[in-house]
Structures are given as C-alpha cells and as structure tokens.
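Per-entry structural report
This is what each chain is made of:
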Amino acid sequence: MDKIHIKNLEVFANHGVFPEETALGQKFVVSLVLYSDTRAAGRTDDLTKSIHYGEVSQFVTEYMQNHTFKLIEAAAEGLAEALLLNTPNLQAVDLELKKPWAPVHLPLETVAVEIHRSWHTAYIALGSSLGDERAYLDAGVEGLRNTRGCVVEKVADYIVTKPYGGVAKEDFLNSALKLRTLLTPRELLEELHRIEAESGRERLVHWGDRTLDLDLIFYDDLVLDTEELQIPHSQMHLRDFVLIPMEQIAPYKRHPIFNRTVSQLRGELHD
C-alpha cells in the first residue's frame, strides 16, 4: 500500500487531565502516515483519486480544536477513527500525537502516543427460524449498517434451509453479508450480540430455534482460537446454509487454515 506523510502538524487545543490544560490549552503535534493506492492518481494527475493532504491537515486541526479529551490516547483514537470514516480512499493510518508541554515538572522533550488503525473485511452469516424471519434478517442487516465503524458492502439472497444440529424444529431463513469495519473482532462480536438481543434473541438451547443469529465467519485472514471466539468460524465448512450464501458474495474468499476457497469448500461438502 502506498503512503502519504504529514509530519509535525502543530495544533493548539484543549486536552489534558488537569483543569488548566483544558481551560488554557497547549500545543500538540500530529504526524500521519496515510495508506492509500496512489497508482490511479499518479497515472491521471487527478487529485480526486488520491488524498488531499491539505484538507486532511485542516480536518485534523478542526477535530483537535473542537473536541476535548483527558488522555492523548483517547484523542488519538478518536482522531484516527474520524479520519478513516471521513477521508475518501484512506485504507489505514499511522497516527502519532505528541504533547511537548506535558505538565510533569521534569526536563522531558515530549510525550507521545502512536497507533495504527485500518479498515478490515469481515463476513457475517445470518439466520432466523422464529416469527417473521425476513424481518429479523432485515433487522440484522440494518443493525450493522447503523453501527458506527461498519459499512455493509454486499448482502446475499435469503434462502430457506433445514435446521442443523438436530435441536431446532423450524426451517431457517439464512443469508450472509460482507462488512467493512473499523472494529476489532471482539468489538464486532459485542455488536453482533447487541443486535441479536435487540431482536429478542435468547441463548437458552444450543442450536435451537432463534429470532436472529449473527455469526462472524471471516475477519480478514485472521486465525483466532479463544474460548469466546473462533475465526474462521469452526463449523462454517460443514454448513451448507453458510456456504451457499457465502459463495454468492465471496466465491473466491480463501479459508486461511484449509487453503480452500468458499466454492471449493461447498463442493467438497457435497462430495
């Protein structure tokens, strides 16, 4: 990924733990590395295909001056998120926020926080077997569309499938979607649980009937195995009701453990 650098942008703003810091203000210094594909801009000489560093510098200045944080960690986190949400063509950002006048009464040059934040691609499986299944799936899609830091890019067709696991009694309505997100896997899982709860989901019987089920299938090419969360989803390669809608929106997405595409996994399941 190509990089655009903005180094040592000085901003006078009101951030800090002590009252005098937020009342009187002080100098902050911001440096950015903006990750973007500049190939099209370089070949066409068209600024709209790149990132306008002057507009980004103005955005940073206004953001720092219009918000107040106690911690520079919080200021850096908020600024990075705002940049990714509001800057076209920006895929990731390295952000360093320096505080040269830190009130520690010791001869230090500066205090700084440096973070890397970026967009990620996740795939979510959706299912419902109680009540108005289509309305519940619609609520799941809209819930993610309305979640800060999430952009729904593709939604597969809704399909009717037989229950899995020998517990649920009703047929399911299933789908899958592609999600662009700034959330970490754990944060995304919390949002999925929140949306399920808002649809009346109760976790009473494993594999039982439910109003809305949202499962995190892939997150970039991450492999994660914890008690709370497994990525890729540990059972996805065994479930036709996941693979059919996934094949519609991401047939060539490759499983990072099995090294098989979604289409290949579905074919092997049928074989």
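Read on for a plain summary of the structure.

Parameters at a glance
Residues numbered from 1 in each chain as written. Predicted model: local features only at pLDDT ≥ 70, side-chain atom pairs only at ≥ 80, totals over all residues. Heavy atoms only, no water. Core = buried A, V, L, I, M, F, W, Y, C linked by side-chain atoms within 4.5 Å. Buried < 20%, exposed > 50% of the residue type's maximum accessible area, 1.4 Å probe, protein only. Helix = DSSP H or I, 4+ residues; strand = E, 2+ residues; numbered from the N terminus. Contact = heavy atoms within 4.5 Å. Pairing = 2+ DSSP bridges. Axes fitted to C-alpha atoms, helices over the stretch in contact; angles between N-to-C directions.

The subject of this paragraph is the nonpolar core. Of all hydrophobic cores here, the largest spans 31 residues; its most connected members are Leu-32, Leu-34, Val-60, Leu-95 and Leu-97. At the level of elements, strand S1 (2–13), strand S2 (26–36), helix H3 (53–66), helix H4 (72–86), strand S3 (92–99) and strand S4 (111–118) are the ones that each hand at least two residues to this core. Per element, the largest residue contribution to this core is 8 residues, and it comes from H4. With residues near it in sequence (within four places) discarded, Leu-32 still touches Ile-4, His-5, Ile-6, Val-56, Val-60, Leu-83, Val-93, Asp-94 and Leu-95. Counting residues in each nonpolar core, the second largest holds 23 residues, with Ile-124, Leu-188, Ile-195 and Leu-216 among its members.

What follows covers the sheet that holds S3. Strand order in the open sheet made by the 4 strands is S1-S2-S3-S4, with antiparallel pairing throughout. Of all strands in the sheet, those bounded by a partner on one side alone are S1 and S4. With direction set aside, neighbouring strand axes in the sheet form an average angle of 15°. With 7 bridges joining them, S2 and S3 adopt antiparallel strand pairing. By the bridge assignment for S3, Val-33 is matched with Asp-94. Contacts from H3 reach S1, S2 and S3 within the one sheet, and its direction differs from that of S1 by about 35°. Across the sheet, H4 is in contact with S2, S3 and S4; its angle to S4 comes to roughly 30°.

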